[in-house]
Amino acid sequence: MKPTRVLLPINAKGTTSACADVAFGLARRFEAELEVLHPCPPPSQRLPYATELSPIYFEAYLDVSRKQVAYEEKEAIAWFEKASANWGEVESQLLTVEAWSGPPWPNGPRPRIACCRPSPRRTTRCSTKARDAALFSSGRPVLFVPDEASGHVGETVVIAWKDSVESARAVAAAGPFLDGARRVRLISLIEEGEPEDETAVAMANYLTAACLPVELKSVELGDREVGDAILEEAGSGVLLVMGGYGRWRWHEWIFGGATDHVLRHTDVAVLMSH
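(A) Geometry of the side chain of Ser 273. One can find Ser 273 in strand β10 (residues 269-273). What makes Ser 273 buried here is its relative accessible area of 8%. Those residues in contact with Ser 273, other than ones at most four positions away along the chain, are Leu 135, Glu 166, Arg 169, Ala 170, Met 242, Gly 243 and Gly 244.

Spelled out as structure tokens, the structure:
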């Protein structure tokens, strides 16, 4: 089933040109509707924490916050009008929702796929807020688009396979991309001396039965970190498909992990599902 709606979260300044090009390009490719979402904290949620203000200062602060909200909405509208003008054949709409935390989208039918920026090299909890909301709360796959990614993704699809629910969901979510791929590579990381992963063979056979050009490759991890190995084996100019956060987020945040490493260092588009 191809996507019928693509979600593109933005801030007041919009988003990167790479992310916008991929989102609009996917909407045109799949003849889907593009929903550009601008989450904007309401004035009442912009007050300083643990601060007691007199009624006079409280109203003055709210007035300043209202002006800031109006300015941010105006900037978002200007960005959207400029971006959509370059993609006139794509059906798109801008939604501004009052949101500070939690899922940055309104209730109702959820998009089939969301396009977001991956994490910056130096990640903080604030910088991953929108990313985590899309990945954990939307119930949909997320396509992370770094600045180096091209506008068209999916000619070569690389699946980083692991015997997990997250990986299985990521492969299922990648269906529309797999159908149009010229080449599909499935890589399985194994420890030195371990036999080939039987579940990787089973997944390769399953995709082959669906008439997909699958190449299975088992790679010894060696002394590399899992995230490094995934990116090295994937190569450049591909769409990487993988499960996200097979362990608790706090564990990867403190001790590191493959998901965080890939999202911090990828230079290719990553389709991820949790």
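(B) Examining the pairing of strand β6 (residues 156-161) more closely. Most of β6 sits inside the fold, with six of its six residues counted as buried. Neither face of β6 is open: one carries Thr 156, Val 158 and Ala 160, the other Val 157, Ile 159 and Trp 161, and all of them are buried. As defined by bridge partners, β6 adjoins strand β9 (residues 239-243) across three bridges and the pair is classed as parallel. Bridging from a neighbouring strand, Ile 159 pairs with Val 241 of β9.

(C) Representation of helix α1 (residues 17-29) in the model. The terminal C-alpha atoms of α1, which comprises 13 residues, lie 18 Å apart, in line with the 18 Å expected from a rise of 1.5 Å per residue. Ala 18, Cys 19, Ala 20, Val 22, Ala 23, Phe 24, Gly 25, Leu 26 and Ala 27 are the residues of α1 that are buried. Among the residues trailing α1, Glu 31 stands out with phi positive, at a value near 55 degrees.

Conventions and cut-offs
Residues numbered from 1 in each chain as written. Predicted model: local features only at pLDDT ≥ 70, side-chain atom pairs only at ≥ 80, totals over all residues. Heavy atoms only, no water. Helix = DSSP H or I, 4+ residues; strand = E, 2+ residues; numbered from the N terminus. Buried < 20%, exposed > 50% of the residue type's maximum accessible area, 1.4 Å probe, protein only. Contact = heavy atoms within 4.5 Å. Pairing = 2+ DSSP bridges. Expected span 1.5 Å × (residues − 1).

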